Amino acid sequence: MLLVPCPHCGPRDETEFKYGGQAGIAHPADPESLTDAEWLDYLFLRDNPKGPWRERWVHTAGCRRWFDVTRDTLTNEFGDIGG
Amino acid sequence: MTGSRLPDGGTGIDRGDPRAFDFEGTVVSGFAGDTVASALLANGIDVVGRSIYHDRPRGVFSAGPEEPNALVQVRWASGISEPMLPATTVPVEDVLEVRNLAGRGRLEPAEPGTDTGRFDARYAPCEVRVIGAGVSGRRAASNARTADPGARVLLIDSDPAAAGDEVRRGMTALGIYDHGYVTAVERCPAPATEGRLWHIRAGRIVIATGATERPIIFADDDRPGVMLAGAAATYVERYGVRPGERAVIFTNNDTTDAVTATLRGAGTEVVAIVDARRGDLIVGTMGDDAGRLTGIRITRAHGRPDAGADGDDPETIEADLLLVSGGWNPNVALWAHARGTLRFDERIAAFVPDRAGPHGRIEVVGAAAGEVEGLGDIGPTWVVPPPGPATDAAWSTHYVDLGRDSTVQDLQRALGAGLESIEHVKRYTTIGTGIDQGRTSGVVTSAIAAAILGQDVGAIGVPTFRPPTVPVSFAQLAARNRGALADPIRVTPSHPWHEANGAVFEDVGQWKRPHHFPQAGESVDDAVLRECRAARTSVAMMDATTLGKIDLQGPDVGAFLDRVYTNTFSSLKVGSCRYGLMCRADGMVFDDGVTSRLADDRFHMTTTTGNAAAVLDHLEEWLQTEWPDLRVHATSVTEQWATVAVVGPRSRDVVAALAPSLDVSDAAFPFMTWRDAVIAGTLGRAFRISFSGELAYELNVPTWHGLALWEAVLAAGATFGITPYGTQAMHVLRAEKGYPIIGQETDGTVTPQDLGMAWAVSTKKDFIGRRSHRRLDAQRPDRKQLVGLLPTDPRIVLPEGTQLVAPDADLRVTPVPMLGHVTSSYDSAALGRSFALALVKGGRERIGQTVLAPLIDRVVEAVIADSVLFDPENRRRDGEPQP
Amino acid sequence: MTDSGLRARSPLEGATLAIDSTSTLGIRELPFLVQVGLRADPADEPLMSRLTTVLGARPPTDPNTTSISEDGTNQVLWLGPDEWLVLGEPGTAGALESKLRSALDAAAGAVVDLSANRTAISVSGPRARESLAFGCAIDLEPPAFGPGRCAQTLLARANVIIVPVGPADEPAFRILVRPSFAGYLATWLVDAAVGLD
Ligand SMILES: [Zn+2]
């Protein structure tokens, strides 16, 4: 059970959150200009690093805010919060 | 072994408080503070069970949770029976009856209502958590309390009689997880409670779990009478029990010095000390007919240098107790749960926590950290070869894991088969998979494997430690989450009426929804046909409170809805409603519902029952992460409003009677509009929307009035014979009209176009998922499309999920190519026959064609049809069409 | 709550909440509590002062805290960085909603009556905190959690808002819960009390 650091409510049990996958994947400004391959890349392809990466959570059972946080996928330790 | 109670002594027992329990038909007496094991030993009962596979007699081997032999079935004082508990940890005061186990335990076959044991769970946040209340643990706790007097310091010990102040006794840590999360189990925490699972979130954790003694492995090392040396001292000191009369000690370290003194003090004759460091070895044991230890074979390095060589008999010594110490393993399981790494420390010949890594939250102290006191210079003796020729079979009674009946021979086979990883060896031999988790066998196994492979023990390592550290019953893990509390149950305000009127409920997520309302003597099918007929011919009513409802406010709501729905909402007029379809970015249908414009800057969205929370999350995700510039606020109002659907040609009369001030004429209140309305004297909203194709209304009032609204609709409709209906009739009515249900017709791989709903997809604007509809895959002509399906025999209702194949398919050649599957299937009063909806490859091109539905016992023929089978011209939505 | 028209029935009307007369735990419903949802930009100072004026209390900007109006009739709970829940006496929803809406004026925001969207259960007495700890993972002890604070969290797997109202030695909590969960949660609370030692 992770202890997820909500930037507003502070650390809470993982069960209060939903996971949002990799952070920083912006919805393309003009999807129609993308090729199928580029669109597929946006939809489905994500990094899978061993070590720190940025990911998204939403505090569904709390303040309902989305936020980004750094987590080390090897140790689960959380780092910078925000965004 | 002839154990007996000493005339006095025993720091852990209360001789003024005698206790007794039944062991295999014999009354065994003991004292409060005894364990079942100490009481059995005190009563001279030395054979406590038989081994799991080899059926060999076994005795008490240890005095703690590391016990591999003395596993018993216990009937607790509460009457509950629990299998496979180490007799060394079961307090006598809590048990009524103990049975030994021929290898494995059995769950008590519970009669309904007899399984009444109460187990619960509790959360406990704390600043510092110390596990183990020995000297090191108590010191750590005291230091933490001194350093921060305000800190909550929780000091626990699995021993119900652990010493010290402010110790939570009888509480065993099961595992350490991420971010200071620790689980622990406690027996009898409260008068009415058998056990408690603790969820502890600790700022800092100190592991002070001590060390566990391990044996040396030799031939026939498993007889009753062979015991860990430290355990024998524990029986004397703590329980006042002398475990035997003539003892031999076999050791490779100095911790047995104190044991020797203790036993001698208790009147046990210590006849020999076989110290492997001097080259003296125990090469075998002898036993009586019952298998109990009667003697020991020794080879000595001193004095008889040729002892043990071929043809020369080893020395024999008579004894009823053989105490073994092969060293001490720090209890590192919890450390390892937290991903702490281990290293082999030659100084104590054991694996110790490698504290170099980043483990800021977790400390390990005392013997658990490798600081084992009194060990002296330990000798590296792990196993004694068989006295004769070292054939494979000669190793067949060198028991490494007593709990699993695994021997050195098994280890040799595993290694011989090429399994060199200790993880593979564990799984091949099952060493370490017993309930003691290899506490006494694990490191020995690694050392023997290392010797056979010619490697260092440290390089071999030990298998991964995984929680829980001790067995936990399912009842304990379930805690209060069983029966009526198994999962939250959600009910609508009309639920009491539904219950009182015989509704049969179905679970929709956590909601209890009426599935149908059977009348006396009616089958499900009868009831559903009657409910559907009422909706199509007169008037019927349904509790639609569970529909998700979201209040949307702000100047940009219209623009926002244009982006989240496939169709356009910004053009919707105040007072009007529109059906909307929602996709995710991948273009697949995600949800649908009717959304109404309450004001220029305010909309009321409805969602499917199951998706209410997911849709709100979806809206918030796009608002917060992609379009923070949009001035839109979304609030769930699902439970602010109770909803009753009034459906059927006479529904207008019912609504007119309920809301006399509302102009219900078609001109004033047309299809797909909503009105504020005073309904039976209470302000609410009326929506003219339909999920059946009939003239219909959905009436909303604040939830407090939900039951009264239901009853008022019922009363107002009485003259028309208004009929309550459930989810099944609702499903039939909408399926007759070809309306899909999200999650039934769709499964996350279905586009609006697949559903034949291109009419609801705007070509003029962008929306979430639009680009995906242009993907090559979304354009394939053989995508599964929603169609109607009419079995040739109109009495056959195909099972939902039935696969469909081509009429010329050869069913004998598998796999048979699949054309699609049935998503919904019913008998229909309105159609006078059975029908189904199905997703079929290129289905719309196949309308009129026959397909086969292979069932278990027959093959059914069906014809593909348009998905709208009833009133395709929508002539009924304003009421009974005039002829 | 209307005097005429459809009878109002609180979600726990008729539910068995009593444990026993000697219990150190009191569980009862506080029916028909008024709750109005408020969304506003906390950086819009003129708006915040208008809201403060009509409420008699400034909507708190510290997460998980509350403020109470000068006359004690309204409590404002922080639910999110731009979201509050205003609690009031039964029967005052319409008045509260309209004065908040007038304070909002032309500013972007939202006011929505949520009075029937949750009911309130009062859990009070010396064992109140302990009984909630059977199903709630957050730290319920002062100073982390006492009067002036609130939390949206899970209690026995149900979404709730917990508002501590009593002093540390005599804890009392208001638990706001969706009506559909209220019966389940009441059953759970009464059951949990059995496990108190
Ligand atoms: Zn939060």
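Bear in mind that the values here come from a model prediction, so they are computed numbers and not experimental data.

Enquirer: How do you make sense of the overall build of chain A when you look at a structure like this?
Expert: Helix and strand counts for chain A come out as one helix and six strands. Going from the N terminus to the C terminus, chain A shows its helices and strands as β-β-β-α-β-β-β. Along the first, second and third principal axes, the C-alpha atoms of chain A reach 40 × 30 × 20 Å. Counting over 83 residues, chain A shows a buried share of 52%. By sequence separation, contacts in chain A at least 24 residues apart represent 44% of the contacts at least 6 residues apart. Carbon and sulfur atoms make up 54% of the accessible area of chain A, which amounts to about 4,000 Å² in all. Here chain A contributes 9 positive and 14 negative side-chain charges, whose respective centroids are spaced 8 Å apart.

Enquirer: Explain the coordination of the zinc ion to me, please; I cannot follow it from the model alone.
Expert: Ideal geometry at a metal gives 109.5 degrees between four tetrahedral donors and either 90 or 180 degrees between six octahedral ones. With distances of 2.0 to 2.4 Å, the protein atoms coordinating the zinc ion are A:Cys6 (SG), A:Cys9 (SG), A:His59 (ND1) and A:Cys63 (SG). For the zinc ion, the four donor atoms are set out with angles of 103 to 119° between them, so the coordination reads as tetrahedral.

Enquirer: Help me understand the packing of helix α3 (residues 229-239) of chain B against helix α4 (residues 256-265) of chain B, please; the structure alone is not making it clear to me.
Expert: The axes of two packed helices give the description: the angle between them and the distance between them. Residues and elements named next belong to chain B. Between α3 and α4, whose axes approach to 9 Å, the crossing angle comes to 35°. The chirality of how α3 crosses α4 is left-handed. Note on element contacts: α4 touches α3 through Thr256, Val259, Thr262 and Leu263, opposite Ala229, Gly230, Ala232, Ala233, Val236 and Glu237.

Enquirer: So what exactly am I meant to see when it comes to the sheet that holds strand β6 (residues 110-113) of chain C here?
Expert: In sheet architecture, strand pairing relies on hydrogen bonds along the backbone and comes in two forms, parallel and antiparallel. All names here are of chain C. Taken in spatial order, the five strands line up as β3-β4-β5-β2-β6 in an open sheet, and their pairing is antiparallel. The open sheet has two edge strands with one neighbour each: β3 (66-68) and β6. The sheet shows a mean angle of 20° between the axes of neighbouring strands, direction not considered. Strand direction decides the pairing type here: strand β4 (residues 75-80) and strand β5 (residues 83-88), joined by five bridges, are antiparallel. In the strand pairing of β5, Gln75 is matched with Leu87.

Enquirer: Before we go on, may I ask you to explain the interface of chain C and chain B in this structure?
Expert: A common way to report how large an interface is uses the accessible area buried once the components associate. Contacts between the two partners involve 49 residues from chain C and, on the opposite side, 53 residues from chain B. Here chain C meets chain B over a buried area of about 4,100 Å², counting both sides, of which 55% is carbon and sulfur. It is C:Leu6, C:Arg157 and C:Ser180 that lose the most area in chain C upon contact with chain B, and together they represent 17% of the buried surface on that side. Taken together, the links from chain C to chain B amount to six salt bridges. Of the charged contacts, one joins B:Arg152 and C:Glu141 as a salt bridge, the two residues approaching to 3.4 Å between their closest N and O atoms. On the surface where chain C and chain B come into contact, there are 25 residue pairs in polar contact (both at pLDDT 80 or more). Those elements that provide at least two residues to the side of chain C that touches chain B are α2 (93-104), β6 and α4 (179-194) of chain C. Tallying contributions element by element places α4(C) first for the side of chain C that touches chain B, with nine residues. Class assignment of the residues belonging to the side of chain C that touches chain B gives a composition of 25 nonpolar, ten polar and 14 charged.

Enquirer: Quick question: what am I supposed to make of the nonpolar core here?
Expert: One broad rule of soluble globular proteins: the nonpolar side chains tend to lie buried together. All names here are of chain B. Phe21, Phe250 and Leu322 are the most contacted members of the largest nonpolar core, which has 65 residues in total. Not counting residues up to four positions away in its chain, the partners in contact with Phe250 are Ile216, Phe218, Val274, Ala276, Asp280, Leu281, Ile282, Leu322, Leu323, Val324, Ser325 and Val384. Residues Val528, Val594, Ile741 and Tyr826 belong to the second largest nonpolar core, which totals 39 residues.

Enquirer: Would you explain the pattern of salt bridges in this entry?
Expert: Close approach of charged atoms lets side chains of opposite charge pair. Under the counting rule described, the total for this entry stands at 72 salt bridges over all chains. Across the pair B:Asp405 and B:Arg58 runs a salt bridge whose closest N-O atoms are separated by 2.7 Å. Pair noted here: B:Asp405 is in the loop between β28 (399-401) and β29 (406-407) and B:Arg58 is in strand β5 (residues 57-58), with a separation of 347 residues, a long-range link. Taking relative accessible area as the criterion, B:Asp405 reaches 2% and is therefore assigned buried. Taking the shortest distance from any N to any O, the salt bridge between B:Arg122 and C:Glu130 comes out at 3.6 Å. Here B:Arg122 is found in strand β9 (residues 119-131), whereas its partner C:Glu130 is found in helix α3 (residues 128-132) on a different chain. For the pair B:Arg122 and C:Glu130, one class covers both residues: buried. Because the salt bridges share partners, they merge into one network encompassing A:Arg64, A:Arg65, B:Glu620, C:Arg39, C:Asp82 and C:Glu83.

Enquirer: Help me understand the sheet that holds strand β34 (residues 577-583) of chain B in this model?
Expert: Residues and elements named next belong to chain B. In spatial order, the strands read β34-β35-β36-β33-β37; together these five strands make up an open sheet with antiparallel pairing. The open sheet terminates on both sides in strands that have one partner only, identified here as β34 and β37 (633-636). Along the sheet, successive strands turn relative to each other by an average axial angle of 30°, direction set aside. Bridging between strand β33 (residues 548-553) and β37 involves four bridges; their strand directions are antiparallel.

Enquirer: What is the right way to look at the environment of B:Gln803 in this model?
Expert: All names here are of chain B. Within the fold, Gln803 resides in strand β44 (residues 803-804). A C-alpha to C-alpha distance of 46 Å links Gln803 and Gly418, two positions 385 residues apart in sequence. For Gln803, the contacting residues outside a window of four places in its chain are Met818, Gly820, His821, Leu852, Ala853 and Pro854.

Enquirer: Any chance you could explain a nonpolar patch on the surface here in plain terms?
Expert: On the surface, A:Leu40, A:Phe44 and A:Leu45 cluster together into a nonpolar patch covering about 260 Å² of accessible area. By the element assignment, A:Phe44 lies in helix α1 (residues 36-44).

Enquirer: Hey, could you run me through the domain arrangement of chain B in this one?
Expert: Parsing chain B into structural domains produces domain 1 (4-100), domain 2 (118-214 + 327-380), domain 3 (495-545 + 641-733), domain 4 (548-636) and domain 5 (780-865). With centres defined by C-alpha atoms, the gap from domain 2 of chain B to domain 5 of chain B works out at 62 Å.

Enquirer: What's the story with the interface of chain A and chain C in this structure? I'm lost.
Expert: Contacts between the two partners involve twelve residues from chain A and, on the opposite side, 16 residues from chain C. Counting every contact that joins chain A to chain C gives three salt bridges. A:Arg65 serves as the salt-bridge partner of C:Glu83, at 3.2 Å between the closest nitrogen and oxygen. The tally of links from chain A across to chain C stands at six residue pairs in polar contact (both at pLDDT 80 or more). Considering only residue class, the side of chain A that touches chain C consists of three nonpolar, four polar and five charged.

Definitions and cut-offs
- Position labels on residues start from 1 in each chain and follow its written sequence.
- Chain letters start at A and ligand numbers start at 1, both assigned in the order the entries are written.
- Owing to the predicted nature of the model, reporting of local features is limited to residues with pLDDT of at least 70; listing and counting of side-chain atom pairs is limited to 80 or more, with chain, interface and lining totals taken over all residues.
- Only heavy atoms go into the side-chain values, all of them from the structure, while hydrogens and water stay out.
- Going along the chain from the N terminus, every DSSP run of H or I of four or more residues is numbered as a helix, and every run of E of two or more is numbered as a strand.
- Burial classes follow relative accessibility: with a 1.4 Å probe on protein chains only, a residue under 20% of its type's maximum area counts as buried, one over 50% as exposed, and anything between as partly exposed.
- Two residues qualify as a contact provided that any one of their heavy atoms is within 4.5 Å of a heavy atom in the partner residue.
- Every accessible area reported is derived by Shrake-Rupley at a probe size of 1.4 Å, with residue values counting cover from the shown protein chains alone.
- Counted as positive: Lys and Arg. Counted as negative: Asp and Glu, with His and the chain ends omitted from the count.
- Every charge is mapped onto a representative atom, which is NZ of Lys, CZ of Arg, CG of Asp or CD of Glu.
- Any N, O or S atom lying within 2.8 Å of the metal counts as a donor, with the limit raised to 3.2 Å for Na, K and Ca; because water is left out of the atom set, some sites can appear incomplete.
- Under the classification used here, a metal with four donors is tetrahedral if each angle lies between 85 and 135 degrees, square planar if opposite donors are over 155 degrees apart and the others between 65 and 115, a six-donor metal meeting that same test is octahedral, and anything else is irregular.
- Whenever a helix is involved, its axis is fitted only over the stretch in contact; in every case the axis is a line through C-alpha atoms, and angles between N-to-C directions fall within 0 to 180 degrees.
- In this scheme the handedness of a crossing depends on how the near helix is turned from the far one: anticlockwise by less than a right angle means left-handed, clockwise means right-handed.
- Paired strands, in this sense, are two strands between which DSSP finds at least two bridges.
- Each of two parts loses accessible area, computed with a 1.4 Å probe, when they are put together; buried area is these two losses added.
- By definition, a salt bridge exists where a carboxyl oxygen of Asp or Glu is found within 4 Å of a side-chain nitrogen of Lys or Arg.
- Polar contact is defined as a pair of N or O atoms within 3.5 Å, subject to the rule that within protein one atom must be able to donate a hydrogen and the other to accept it, and that residues adjacent in sequence are counted only when both atoms are side-chain atoms.
- Each residue is assigned to one class: nonpolar for Ala, Val, Leu, Ile, Met, Phe, Trp, Tyr, Cys and Pro, charged for Asp, Glu, Lys and Arg, and polar for all the others, Gly among them.
- The term nonpolar core refers to a set of buried residues drawn from Ala, Val, Leu, Ile, Met, Phe, Trp, Tyr and Cys, joined through side-chain atoms within 4.5 Å.
- Nonpolar side chains (Val, Leu, Ile, Met, Phe, Trp, Tyr) are joined into patches within 5 Å and like charges within 9 Å, using only residues with over 30% relative accessible area and no salt bridge.
- Segmentation of the chain into domains, including their bounds, is taken from an automatic or database domain assignment.

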